[in-house]
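Geometric and topological summary
Spelled out, the chains give:
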Amino acid sequence: MPTGWRYIAQRATGGRDTDSEPILDWEVPFALSSNPKRDLSGPGAMAGTIEPEYARMIGDDGKPILQEWGTKMYLEIDGAIRWGGLVTKTAYDGPKATIQCEGFTAYPHGIPYESYMISGKLITPKDPFAGKDKNNDGWVDGKKGKQRVPPPPKPYGGPRIDVYDAFRSIWGHLQSRPYGNVGLQVDQHDLGQYLGAADGSDPWELAWWNHPDCGQTLDTLTRDTPFDWIESHTWEGSGNTIAHRLTLGRPRLGRKRSDLRFADGENIAALAKPEGMGDEYANEIIVLGKGEGQKMKKAQVYRYDGRLRRVATVADKTLASDSALRTRGTQELAGRTQALQIPAIQIIDHPNARFGSWSLGDDIRVQVHVPWVGDVDVWHRIISDEISADGLCTLTLKRSDAFNY
């Protein structure tokens, strides 16, 4: 294990008081088989092995220290927590244990939503004159020539829920259930964008009888709005308390990092093969949404750029409003019309950009030489990072201009 690194195990009781979760081992003898990876708007992952069997891998409570969905695992480097998550899968082969971990935000997947939430419900007021014109002559019964029957009240849209409130509500629902509290604190600010149509024509509904999956619903909210989130874990105070936070950001998290430099011959040790879009290229997107046959919702988004027309079709039956279909199409288009990009770079710890100096979502300037192309100087966005025990860090990238939000 590199100097300054240690793996820490904590019991994930899932109780209501996460402060009572004890630290089980401050020095887990963990050997990486897959580098700790953090993802933008994703849980990330880490995997490793323990060999040979250690007697201390059984806790004081008689349970395995590294227990599926029962243990929180952290990587601490020089006193700072650089990765945190849950043990989600274990396997044993003689004296060798294989451990797979995922971030806390993997927890909602596979768990059903057991409540009810609706935004923008169509409300039809009661007609006070209903049944008061039995002979259908247009006059209130008994008041002919004096009082005509007025038109019934018009339906209207009910209260609407902010996207972030819905996101928080699902997390609150998950963590309010017995043994479901992972201690994740979600940002409390609102987005200012609301679910469902204002006039009640397209309400957004999350109902337990439809068996919705909490994780899939959270992913859909993130994708369709869209917005970013980042999971983080930090020491809190002077004790052994670890804070877990989900940071929300719109239009997107991160910032343009003109103060950092990533260049060949300086801090870039290797780069993934540069790539264009190939068969994935499209300059027109057709989005098919809710409905069947001629009543199916449809939107077309295009960005003609001097090349031949290439069309990609996306089907998503959860989309019903024109704005939602166009948003989905614009997102898809942005990712299919980009030029050459560098998918990943491997960097060393260097004054140009010290490890930990960037955040997921940041835009960085990548300056490299590409055979057959020449010098490439393009802004890319960091969508994941992996730190390895050999002193290198891999940044997974996507061209900044591929994002339209």
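Preceding block: the structure.
First things first, this report covers the structure right here in the doc. These numbers come from a predicted model, not from an experiment.

Reading guide: rules and limits
- Residues numbered from 1 in each chain as written.
- Predicted model: local features only at pLDDT ≥ 70, side-chain atom pairs only at ≥ 80, totals over all residues.
- Heavy atoms only, no water.
- Buried < 20%, exposed > 50% of the residue type's maximum accessible area, 1.4 Å probe, protein only.
- Helix = DSSP H or I, 4+ residues; strand = E, 2+ residues; numbered from the N terminus.
- Pairing = 2+ DSSP bridges.
- 1 Å grid on protein atoms, 1.4 Å probe; cavity = no way out; pocket = protein on both sides within 12 Å on 5 of 7 lines; lining within 4 Å.
- Points joined across faces, edges and corners; volume = space filled by probe spheres on them.
- Nonpolar A, V, L, I, M, F, W, Y, C, P; charged D, E, K, R; others polar.
- Expected span 1.5 Å × (residues − 1).
- Contact = heavy atoms within 4.5 Å.
- Axes fitted to C-alpha atoms, helices over the stretch in contact; angles between N-to-C directions.
- Parallel < 35°, antiparallel > 145°, perpendicular 65-115°, else oblique.
- Left-handed = near helix turned anticlockwise from the far one by under 90°.

**Side note on the pairing of strand E5 (residues 71–77)**
With respect to burial, E5 is a largely interior element, seven of its seven residues being buried. Neither face of E5 is left uncovered, since the one carrying Thr71, Met73, Leu75 and Ile77 and the one carrying Lys72, Tyr74 and Glu76 both have all their residues buried. As defined by bridge partners, strand E1 (residues 5–11) adjoins E5 across seven bridges and the pair is classed as antiparallel. Within the sheet, the bridge partner assigned to Trp5 lies in E5 and is Ile77. Taken together, the six bridges between E5 and strand E6 (residues 80–93) define a ladder with antiparallel strand orientation. What sits directly across from Glu76, in E6, is Ile81.

**Points about the layout of surface pockets**
There is about 1,000 Å³ of room inside the largest pocket. Together, 31 residues line the largest pocket, and Leu195, Trp204, Asp224, Thr318 and Leu319 are the ones closest to its centre. Of all elements in the fold, only strand E12 (204–207), helix H2 (214–224) and helix H3 (322–336) reach the threshold of two or more residues within the lining of the largest pocket. For the lining of the largest pocket, the element with the highest residue contribution is H2, accounting for five residues. Residues of the lining of the largest pocket, tallied by class, amount to 13 nonpolar, twelve polar and six charged.

**Observations concerning empty space enclosed by the protein**
Taken as a whole and judged by the stated rule, the model has one cavity of 30 Å³ or more. When residues of the lining of the largest cavity are traced back to their parent elements, those giving at least two are strand E3 (31–39), E6 and strand E22 (374–387). Per-element accounting of the lining of the largest cavity gives the leading share, three residues, to E22. A breakdown of the residues in the lining of the largest cavity according to their chemical character gives five nonpolar, no polar and four charged.

**So, helix H1 (residues 163–176)**
Note: α-helices contain 3.6 residues per turn, so residues at a spacing of three or four share the same orientation. Between its first and last C-alpha, H1 extends 20 Å over 14 residues, near the 20 Å set by a 1.5 Å rise per residue. A large share of H1 lies buried, amounting to ten of its 14 residues. Taken residue by residue, H1 has Val163, Tyr164, Ala166, Phe167, Arg168, Ile170, Trp171, His173, Leu174 and Gln175 as its buried positions. Structurally, H1 contributes buried residues whose contacts are with strand E8 (116–119), strand E11 (184–186), E12, H2, strand E13 (228–236) and strand E14 (241–249).

**Regarding the packing of H1 against H2**
Helices that pack against each other are described as a pair by the angle of their axes relative to one another and the distance between those axes. Running from amino to carboxyl end, H1 crosses H2 at an angle of 165°, the nearest separation of the two axes being 10 Å. When the axis of H1 is compared with that of H2, the two are roughly antiparallel. The interaxial crossing formed by H1 with H2 has left-handed handedness. Contact with H1, carried on its side by Val163, Ala166, Phe167, Ile170, Trp171 and Leu174, involves Cys214, Thr217, Leu218, Leu221 and Thr222 of H2 and no other residues of that element. Of the residues assigned to the contact of H1 with H2, the class counts are nine nonpolar, two polar and no charged.

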